[in-house]
Amino acid sequence: MNLYSRMLAVSGLAALVGLGAAPAQAQAPAYPTRSITMIVPFAAGGPTDVIARIVTAHMAQTLGQTIIIENVVGAGGTTATTRAARATNDGYTLITGHMGTHAASVPLYPKLAYHPEKDFEPVALLAGTPILILAKKDFAPKDLKEFITYVKANADKVNAAHAGVGSVSNVSCELLNSVLGIKPVGIPFNGTGPAMNALVGGQVDYMCDQIVNAVPQINGGTIKAYAIATPERNPSLPNIPTTKEAGLPEFQAQAWNAIFAPKGTPPEAIAKLNAAVVKALDDETVRKRLLDLGSVIPATAERTPASLAALVKSEIAKWTAVVKPTN
């Protein structure tokens, strides 16, 4: 073999050795690698905001990344929900929705820019939140029976606060008003927090609100609570009768809060987020904080994406039947 041939042979061997020693193609780092934005479709301090902050604080520890709460108000939560539906579906933009944004909004807004079932990936149910019939502390009626008599006799004078058309406070009070056969003046606010502040300040007469927003005010004596719209009393408010006990069994309402991601978010991201929620809801500190506020913590079987998808489907059907007849 001449010198040229030997050089070619050595060169080829070196190339083969180099090829064999080449490192495997680097894999993309596991989700999440940066902070996550959690959109809350109402003002800070309301029930959805409070629940989101309690659960996401623990989720952030599990995921090893910061979860930034971004409050976006307007149109009963549908402004923020539309924004979330249009966000990049990479797992870094999520939304804490509820019965209003992901169910009652469908029959309420004929031109809704999103559809809860088609434009979102369900992640996990966070908590159930019973509804209470509340009033300013100096409202004349002493109990629910007197309340019913009073608002029926003064339907053109009384007003009801809510967090915007399509919000839980709006839809649940529309159900109450339908049961009572009245049409009071509705006073909208950019979130349940501001609506509650108006009730505490005596600027509005009554409202239907989630228990999370009401427990501190009820216990502090700054508002009245006539009844809770669930079959049983709530441990955080043992002295508040159920609507059935108080004389209005037809009015039953419980809201819920859950996390959703834009449609098409990778399954591995959904799985990690769901696992982080499940872990948070099993944490004793998180559970105590939620239970102290009157929340109902979902059973393990109710925390799956499939279970949340089924809940959204059933809730859309339920509230369509309620909302459409009342226009």
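In this text, all values refer to a predicted model and were calculated from it rather than measured experimentally.

Reading the values: rules and limits
- Residues numbered from 1 in each chain as written.
- Predicted model: local features only at pLDDT ≥ 70, side-chain atom pairs only at ≥ 80, totals over all residues.
- Heavy atoms only, no water.
- Helix = DSSP H or I, 4+ residues; strand = E, 2+ residues; numbered from the N terminus.
- Rg over C-alpha atoms; globule rule 2.2 N^0.38 Å.
- Buried < 20%, exposed > 50% of the residue type's maximum accessible area, 1.4 Å probe, protein only.
- Contact = heavy atoms within 4.5 Å.
- Areas by Shrake-Rupley, 256 points an atom, 1.4 Å probe, with all protein chains shown as cover.
- Lys, Arg positive; Asp, Glu negative; His and termini not counted.
- Charge placed at Lys NZ, Arg CZ, Asp CG, Glu CD.
- Salt bridge = Lys/Arg side-chain N within 4 Å of Asp/Glu carboxyl O.
- Axes fitted to C-alpha atoms, helices over the stretch in contact; angles between N-to-C directions.
- Parallel < 35°, antiparallel > 145°, perpendicular 65-115°, else oblique.
- Nonpolar A, V, L, I, M, F, W, Y, C, P; charged D, E, K, R; others polar.
- Pairing = 2+ DSSP bridges.
- Right-handed = clockwise from strand over helix to strand, strands pointing away.
- Core = buried A, V, L, I, M, F, W, Y, C linked by side-chain atoms within 4.5 Å.
- Polar contact = N/O pair within 3.5 Å; in protein donor to acceptor, adjacent residues only side chain to side chain.
- Phe/Tyr/Trp six-rings, centres within 6.5 Å; stacked < 30°, edge-to-face > 60°.

(A) Molecular detail of the overall build of the chain. Across its full length, the chain carries 12 helices and nine strands. For 327 residues, the compact-globule estimate of 2.2 N^0.38 gives 20 Å, and the C-alpha radius of gyration of the chain, at 26 Å, exceeds that figure by more than 25%. Principal-axis analysis of the C-alpha atoms gives the chain an extent of 115 × 40 × 30 Å. Taking all 327 residues of the chain together, 51% fall into the buried category. Sequence separation of at least 24 residues holds for 78% of the intrachain contacts in the chain that already meet a minimum separation of 6. For the chain, the exposed surface amounts to about 14800 Å²; the carbon and sulfur share of it is 56%. Charge centroids of the chain, computed over 27 positive and 23 negative side chains, lie 4 Å from each other.

(B) Molecular detail of helix α4 (residues 100–108). Among the nine residues that make up α4, seven are buried, leaving the element largely enclosed by the rest of the structure. Residues of α4 that are buried include every one of Gly 100, Thr 101, His 102, Ala 103, Ala 104, Ser 105 and Pro 107, and no others.

(C) Region of interest: the pattern of salt bridges. Applying the stated criterion to the full structure yields seven salt bridges. One salt bridge in this structure joins Asp 49 and Arg 53, with 2.9 Å as the shortest N-O distance. Of this pair, Asp 49 and Arg 53 both sit in helix α2 (residues 47–63), four residues apart, which is roughly one turn of the helix. On the basis of relative accessibility, which here comes to 3%, the residue Asp 49 falls in the buried class. When its relative accessible area of 37% is taken as the criterion, Arg 53 is described as partly exposed. In this structure, the salt-bridge partner of Arg 303 is Asp 282, at a minimum N-O distance of 2.9 Å. Highlighted residues: Arg 303 in the loop between α11 (284–292) and α12 (305–326) and Asp 282 in helix α10 (residues 267–282), separated in sequence by 21 residues.

(D) Highlighting the packing of α2 against α11. Contact geometry of α2 with α11 gives a least axis separation of 10 Å together with a crossing angle of 175 degrees. Relative to α11, α2 is oriented roughly antiparallel. Contacts from Ile 51, Ile 54, Val 55 and His 58 of α2 reach α11 at Val 286, Arg 289 and Leu 290. Per-class residue counts for the contact of α2 with α11 are five nonpolar, one polar and one charged.

(E) Focus on unusual backbone geometry. Tyr 31 connects to Pro 32 through a cis peptide bond whose omega is -5 degrees. For Ala 75, which is not a glycine, the phi torsion comes out positive at approximately 55 degrees.

(F) Focus on helix α3 (residues 78–85). Within α3, burial applies to Thr 78, Ala 80, Thr 81, Thr 82 and Ala 84. In this structure, the buried residues of α3 make contact with β1 (36–40), β3 (93–98), α4, β4 (120–136) and β9 (254–262).

(G) Fine view of the side chain of Asp 205. Within the fold, Asp 205 resides in the loop between α7 (192–200) and β7 (206–210). Under the relative-accessibility criterion, Asp 205 is labelled buried at 10%.

(H) Seen up close, the pairing of β1. Counting buried residues in β1 gives four out of five residues, a clear majority hidden from the surface. Looking at chain direction, β1 and strand β2 (residues 67–71) are connected through five bridges and run parallel. Paired with Met 38 across the bridge in β2 is Ile 69. With α2 bridging β1 and its parallel neighbour β2, the resulting β-α-β unit is right-handed.

(I) Highlighting the nonpolar core. Core analysis: the biggest nonpolar cluster contains 51 residues, and Met 59, Leu 132, Leu 134 and Ile 218 have the highest contact counts within it. Membership of the second largest hydrophobic core comes to 47 residues, among which are Phe 147, Ala 160, Tyr 226 and Leu 248.

(J) Molecular detail of the side chain of Gln 210. By the element assignment, Gln 210 lies in strand β7. Given the relative accessible area of 2%, Gln 210 is considered buried. Within the structure, Gln 210 has its side chain in polar contact with the side chain of Thr 129 (distance 2.7 Å). At 3.4 Å, the side chain of Gln 210 and the side chain of Asn 257 are in polar contact.

(K) The arrangement of the packing of aromatic side chains in detail. Scanning all chains against the criterion turns up seven aromatic pairs. Ring geometry for Tyr 114 against Phe 120: centres 6.0 Å apart, planes inclined by 90 degrees, an arrangement best described as edge-to-face. Accessibility classification places Tyr 114 together with Phe 120 in one group, the buried group. Between Phe 139 and Tyr 150, the aromatic rings sit 5.2 Å apart at their centres with planes inclined by 80 degrees, giving edge-to-face as the arrangement. With Phe 139 in the loop between β4 and α5 (144–153) and Tyr 150 in helix α5, the pair connects residues that are 11 residues apart, well separated along the chain.

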